[in-house]
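Topology and contacts: notes
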Amino acid sequence: MATEPTTARTVLPGVPPFTVDDLLKFPDDGNRYELFNGSLLVSPAPTPLHQRVIFRLQRILDDAAPPGLEPLSTVNLRAGDKDYYIPDLVVVPETATEAASLMFTPEDILLAVEVVSPSTKIRDRAFKSEAYAAVGISAYWRIELDEGPTVYVYELDGDSYGTPTPFKAGSVATMAMPYPVTFDPGDLV
């Protein structure tokens, strides 16, 4: 039986604007904390469907990965002193995984993926695409579950992403970045 969330409050150390160093002092209270230019964004744990999509895409990407590259879910990405993100899925070189202790740098990330949920739709559609482009992540995929699902593929063009290419469920999505991979977005659900 599901229970209602509590009304208990978490007291966070530090004062806005927050830094990544402040964030490291936050309690482990089950929330996902991210920073955008020092502003704190808090998300609940992903839903079971959200987790399924991440898991299935990670398997697809892992099966297609060339030696030396690997997909990882929910990693810490430090993009600056006041910018810290937790992408749903990334592709990184295995050497970066071995070298990272707690956080990856933007230079480590070849692909960032976000699965849009009701609590994250504004940041995944706007903030994340702008933030990932600003730090030079060459590919960003946004997965819209309410659209069947649809995978929107963004590729870096200079210092911003061009218009995304949508791949809908029931069609074949063929991507070249970060490496060749083909799948039906419908297989994610």
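Above this text sits the structure in question.
Residues numbered from 1 in each chain as written. Predicted model: local features only at pLDDT ≥ 70, side-chain atom pairs only at ≥ 80, totals over all residues. Heavy atoms only, no water.

Comments concerning the side chain of Glu70
We count it as follows: Working definition: helices are DSSP H or I runs of at least four residues, strands are E runs of at least two. Numbering for both runs from the N terminus. A simple rule labels every residue: compare its accessible area, found with a 1.4 Å probe on the protein chains alone, to the largest value its type can have, and call it buried under 20%, exposed over 50%, or partly exposed in between. In this tally, Asp and Glu contribute negative charge and Lys and Arg positive charge; neither His nor the terminal groups of the chain are included. Salt bridges, as used here, are contacts in which a Lys or Arg side-chain nitrogen is within 4 Å of a carboxyl oxygen on Asp or Glu. N or O atoms within 3.5 Å of each other form a polar contact, as long as, within protein, one can give a hydrogen and the other can take it, and as long as residues adjacent in sequence are counted only when both atoms are side-chain atoms. In what follows, residue pairs with any heavy atoms lying within 4.5 Å of each other are defined as contacts.
Its location among the elements puts Glu70 in strand S3 (residues 69-73). The buried charged residue Glu70 lacks any salt bridge partner; its closest oppositely charged side chain belongs to Arg59, at an N-O distance of 15 Å. Here Thr97 takes part through its side chain, which lies 2.7 Å from a polar atom of the side chain of Glu70. In this structure, Glu70 is in contact with Val90, Val91, Val92, Glu94 and Thr97, ignoring residues within four places of it in sequence.

Section: the pattern of salt bridges
A full pass over the atoms with the stated rule returns eight salt bridges. Two residues, Lys128 and Glu34, come together in a salt bridge whose shortest N-O distance is 2.9 Å. Of this pair, Lys128 sits in helix H4 (residues 121-134) while Glu34 sits in strand S1 (residues 32-36), placing them 94 residues apart in sequence. There is no split in this pair, since Lys128 and Glu34 are both buried. Across the pair Glu114 and Lys128 runs a salt bridge whose closest N-O atoms are separated by 2.8 Å. With Glu114 in strand S7 (residues 111-116) and Lys128 in helix H4, the pair connects residues that are 14 residues apart, well separated along the chain. In terms of burial, Glu114 and Lys128 fall into one category: buried. It is possible to trace a salt-bridge network through shared partners that takes in Glu34, Glu114, Arg123 and Lys128.

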